[in-house]
Amino acid sequence: MEPIDFRSDTLTRPTPAMRRAMAEAEVGDDVYGEDPTVRRLEATIAERLGFEAAVFTPSGTMANQIAVLLHAPRGAEVLAPEGAHVFEFELGAPALLAGALIRTLPAPGGRPAPEALTQAVHDSPHQAPTTALFLENTHNLAGGTVLPLELKNALLEAAKAAGLSTHLDGARLWNASVATGAPLSELARGFDTAMVSFSKGLGAPVGSVLLVPRALEAEARRYRKILGGGMRQAGVLAAAALVALGDWEAVIAEDHQKAKALADGLAALGYRVDPPPETNMVYLEVEGAAAFCQRLASLGILALPLGARRVRFVTHRDLAPEDVTEALRRLQAL
Ligand SMILES: Cc1ncc(COP(=O)(O)O)c(C=O)c1O
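Residues numbered from 1 in each chain as written. Predicted model: local features only at pLDDT ≥ 70, side-chain atom pairs only at ≥ 80, totals over all residues. Heavy atoms only, no water.

Taken together, the neighbourhood of the ligand is formed by 13 residues, with Gly-60, Thr-61, Asp-169, Arg-172 and Lys-200 sitting nearest. Contact distances for the ligand include 2.8 Å between an oxygen atom and a backbone N or O atom of Gly-60. In this structure, an oxygen atom belonging to the ligand sits 3.0 Å away from a side-chain N or O atom of Asn-140. Protein burial of the ligand: of its 380 Å² of free accessible surface, 83% is covered by the chains. In terms of residue count, the dominant contributor to the shell around the ligand is helix H3 (residues 60–71) (three residues). (Near = heavy atom within 4 Å. Polar contact = N/O pair within 3.5 Å; in protein donor to acceptor, adjacent residues only side chain to side chain. Areas by Shrake-Rupley, 256 points an atom, 1.4 Å probe, with all protein chains shown as cover. Helix = DSSP H or I, 4+ residues; strand = E, 2+ residues; numbered from the N terminus.)

Written as structure tokens, this is what we have:
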């Protein structure tokens, strides 16, 4: 029985069009700034998101960590919503690399309140200075939830009033854009820096970018090289990302429909879906998440336990709507 794999939207294989583009990519040495395909990708995405420059990185983690290095001097502190990827899933890298702290804000649904932000900012000789606010849209651990435009704008205003710089972890900004109908540039407007990933819902095999103002570009490239992200003929990777940028809206919209169908089917079977899916993620509350996922695996369904009582299903471009129907059929056996 072929497993139906809902563990992550990072599991997708490059499409035939991506593989062809990779094979035919025009390349050069990107550390010398001479890879035309990387340059085209960086220029394209900077323009679409309304930034002056973009720096291609092998991973979203590297782009976020370059942002930490840019936003937080040693001993300083960055605020982020609870459950933020930069805090939970980047292995303590801010402490290791930048010597910075991340402090989390209460964030029901991944959405911190502007008042909570204002209250959290340190302004005392006895505490680590707060220098930056990192936000995440969509918020992975909160359930793939969207940060609404008005709230984003209010948070950026509060951050500005407190003298903080700002970074957007937009690994799945594509999903937020499709879910809200807001253009990517609106969702990214006002942030000092932003990250988007091509290797999640878009289906490219590798790659993210850090979007920066021109004044920070050289520093961002320097940190990328220090972190081991100076890739050479990286155009073979950028080529796949450029293909992904061609058809992402339709792909992501279908992912959201599949998530909705899966959530409705799970709820009909009596499972507790929480929160209701806003994008491509479905979270279940169950007793014994790890054991539950093992039982699912024996039925040919792969999902990810996150903590003791939560299980995550993610829809992606390598799953057809029929795979969701088939998964629900298999689930009836539980
Ligand atoms: C919200 C978010 N930010 C950052 C990352 C890191 O991306 P990467 O796996 O490319 O390092 C992820 C990965 O899943 C993520 O979900």
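Moving on from the model shown.
Moving on to the pairing of strand S8 (residues 208–212). In terms of residue burial, S8 counts as a mostly covered element, since five of its five residues are buried. Alternating residues of S8 divide into Ser-208, Leu-210 and Val-212 and Val-209 and Leu-211, and every residue in both groups is buried. Note: strand S2 (residues 53–57) against S8, five bridges, orientation antiparallel. Its bridge partner being in S8, Ala-53 is matched across the sheet by Val-212. With four bridges joining them, strand S7 (residues 193–197) and S8 adopt antiparallel strand pairing. Looking across to S8, one finds that Ala-194 is bridged to Leu-211. (Buried < 20%, exposed > 50% of the residue type's maximum accessible area, 1.4 Å probe, protein only. Pairing = 2+ DSSP bridges.)

Here we come to the pattern of salt bridges. Applying the stated criterion to the full structure yields 20 salt bridges. Between Asp-255 and Lys-258 there is a salt bridge whose closest N-O contact spans 3.0 Å. Placement of the pair is Asp-255 and Lys-258 together in helix H11 (residues 235–268), with a separation of three residues, close to one helical turn. Neither Asp-255 nor Lys-258 differs from the other in exposure class; each is buried. (Salt bridge = Lys/Arg side-chain N within 4 Å of Asp/Glu carboxyl O.)

For the rest of this paragraph, the subject is the sheet that holds strand S9 (residues 272–273). Spatial ordering of the open sheet is given by S9-S10-S13-S12, a layout of four strands whose pairing is antiparallel. The two strands at the open ends of the sheet, each matched to only one other strand, are S9 and strand S12 (304–305). The pairing of S12 with strand S13 (residues 310–314) spans two bridges and is classified as antiparallel. Following the sheet pairing, Pro-305 is matched in S13 by Val-311. Sitting on the sheet, helix H12 (residues 289–298) touches strand S10 (281–285), S12 and S13, and the angle it makes with S13 is about 40°. (Contact = heavy atoms within 4.5 Å. Axes fitted to C-alpha atoms, helices over the stretch in contact; angles between N-to-C directions.)

With that out of the way, let us pick up the nonpolar core. Ranked by internal contacts, the top residues of the largest apolar core, which has 51 residues, are Ile-45, Phe-56, Leu-117, Trp-174, Phe-198 and Leu-211. Examining the composition of this core, we find that nine residues originate from one element, H11, more than from any other. Discounting chain neighbours no more than four positions away, the residues touching Trp-174 are Ile-45, Leu-184, Val-196, Ser-197, Phe-198, Leu-202, Leu-245, Trp-248 and Ile-252. Residues Met-62, Ala-84, Ala-171 and Leu-210 belong to the second largest nonpolar core, which totals 26 residues. (Core = buried A, V, L, I, M, F, W, Y, C linked by side-chain atoms within 4.5 Å.)

Further remarks concern the domain arrangement of the protein. Its domain assignment divides the protein into domain 1 (4–10 + 247–331) and domain 2 (16–243). Here domain 1 and domain 2 have C-alpha centroids that lie 26 Å from each other. Between domain 1 and domain 2, the residue contacts involve 20 residues of the former and 25 residues of the latter. Interface area for domain 1 against domain 2, summed over the two sides, is near 1,800 Å², with a carbon-plus-sulfur share of 55%. Where domain 1 meets domain 2, there are two salt bridges. In this structure, Arg-172 engages Asp-9 in a salt bridge whose closest nitrogen and oxygen atoms are separated by 2.8 Å. Connecting domain 1 to domain 2 are nine residue pairs in polar contact (both at pLDDT 80 or more). (Domains from an automatic or database assignment. Buried area = accessible area lost by both parts, 1.4 Å probe.)

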